[in-house]
Amino acid sequence: MLRQPVIPVRPSLAVFTGGTNTGSVTAKKIREQYRNNYWYLEYSLSLIRWRLQMKLCFNAGPEPMEEYFAFAHENGFPWMELSCNNPNNFLNKWDSKRIDNIKRLRDKYGLHYGLHSASFVNAAEIEPTVKVAAQQHLLDYMKLAHDLEAEYIVLHFGYHFSLFMEEVYRCLIDTYKPVVELAEKFELPIGIENMNKMHKDCEVAYMGVYPEEFARVFEAIPSKYFGLTLDVAHANLLPDDTK
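The rules behind these values
- Residues numbered from 1 in each chain as written.
- Predicted model: local features only at pLDDT ≥ 70, side-chain atom pairs only at ≥ 80, totals over all residues.
- Heavy atoms only, no water.
- 1 Å grid on protein atoms, 1.4 Å probe; cavity = no way out; pocket = protein on both sides within 12 Å on 5 of 7 lines; lining within 4 Å.
- Points joined across faces, edges and corners; volume = space filled by probe spheres on them.
- Nonpolar A, V, L, I, M, F, W, Y, C, P; charged D, E, K, R; others polar.
- Axes fitted to C-alpha atoms, helices over the stretch in contact; angles between N-to-C directions.
- Helix = DSSP H or I, 4+ residues; strand = E, 2+ residues; numbered from the N terminus.
- Parallel < 35°, antiparallel > 145°, perpendicular 65-115°, else oblique.
- Left-handed = near helix turned anticlockwise from the far one by under 90°.
- Contact = heavy atoms within 4.5 Å.
- Expected span 1.5 Å × (residues − 1).
- Bend = angle between axes of the 7 residues up to and from the residue.
- Buried < 20%, exposed > 50% of the residue type's maximum accessible area, 1.4 Å probe, protein only.
- Core = buried A, V, L, I, M, F, W, Y, C linked by side-chain atoms within 4.5 Å.
- Salt bridge = Lys/Arg side-chain N within 4 Å of Asp/Glu carboxyl O.

Visitor: Sorry, what's going on with empty space enclosed by the protein here?
Guide: Take a probe with the size of a water molecule and roll it over the atoms, and the empty space left behind shows itself. Applying the stated criterion across every chain, the model contains one cavity of 30 Å³ or more. Computed from the structure, the largest cavity encloses a volume of approximately 30 Å³. Across the lining of the largest cavity, the residue classes tally to four nonpolar, three polar and no charged.

Okay, here's the thing in structure tokens:
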């Protein structure tokens, strides 16, 4: 059985319903990105809020995440998800001065946040040399989230080529064991994002698409700090019987 999500549910596309910052560059970019889906998302998320009483947040990127704090405050978002899925916020862009500034912005605007790691690295890597680097990538993001005093972190299970699947699972579990140990030390919840199903002709497939994949890893590494981040849009792409 899957654990309950350890963080607020974050739709892949957020809804913006007004605020005083409509003239800012950030607001214009965000509204342009989501305008075609606005009416559908507003309706869908109203149902989700009613059913789950969830707290909405939005993904703060791809610009430097410092630019989004004022927007979040002025538009009534109590939560932000600090996105490292872009070069402006990769691990090499962080130092103690920037970390302290993010925490000052959090306190200034009275916000909560989690950290969303870069999803490009394959946590299910089976090639030994690259596997070591992938594990270090995850550990470094755990340390960054801890230094930022993030309230959760979103990580990923990576991808595979539908070959050597037992080895894929073995390596994925082995890679995550010290990551979960660090989560327990920091008391920092990890939420693994469910990914989208790839096209049937695609050679590469994401890990962490189906419930059975999550169950296998969660059962191998039991921890109250290791659970699921539910991406509603990704889940909606699954066949009806899986939904």
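Visitor: Before we go on, may I ask you to explain the packing of helix α5 (residues 128-148) against helix α6 (residues 165-186) in this structure?
Guide: Geometry of a packed helix pair, given as the angle between the helix axes and the separation of the axes. Two elements in contact, α5 and α6, have axes whose closest approach is 10 Å; the angle formed by their N-to-C orientations is 20°. Here α5 lies roughly parallel to α6, going by the angle between them. In the crossing of α5 with α6, the sense of the turn from one axis to the other is right-handed. Between α5, through K131, Q135, L138, L139, M142, K143 and H146, and α6, the contact on the second element is made entirely by C171, D174, T175, Y176, P178, V179, L182, A183 and F186.

Visitor: What should I look at first to understand α6 in this one?
Guide: Spacing of three or four residues puts side chains on the same side of an α-helix, whose turn is 3.6 residues. When the terminal C-alpha atoms of α6 are compared, their 31 Å separation across 22 residues agrees well with the 32 Å that a helix rising 1.5 Å per residue should span. Along α6, the largest kink reaches about 30° and is centred on K177; proline P178 follows within four residues of it. All buried positions along α6 are accounted for by V168, Y169, C171, L172, I173, T175, Y176, V179, V180, L182, A183 and F186. Residues of α6 that are buried make contact with α5, β4 (153-155), β5 (159-160), β6 (190-193), α7 (211-220) and β8 (226-229). Trailing α6 by a residue or two, E187 shows a phi angle of about 55°, which is positive.

Visitor: It is not clear to me how the nonpolar core should be interpreted in this structure. Could you clarify?
Guide: Formed by 55 residues in total, the largest nonpolar core has its most connected members in M80, L115, F157, Y176, I190 and F226. When residues in this core are grouped by element, the largest group, ten residues, is from α6. If near-sequence neighbours (up to four positions away) are discounted, F157 is found in contact with N122, A123, A124, L172, Y176, I192, M207, G208, F214, V217, F218 and F226.

Visitor: Explain the pattern of salt bridges to me, please; I cannot follow it from the model alone.
Guide: Counted by the stated rule, this structure contains seven salt bridges. With its nearest N and O atoms 3.7 Å apart, the salt bridge here joins K103 to E149. With K103 in helix α4 (residues 96-109) and E149 in the loop between α5 and β4, the pair connects residues that are 46 residues apart, well separated along the chain. Each of K103, R106, D107 and E149 takes part in a single network of salt bridges with overlapping partners.

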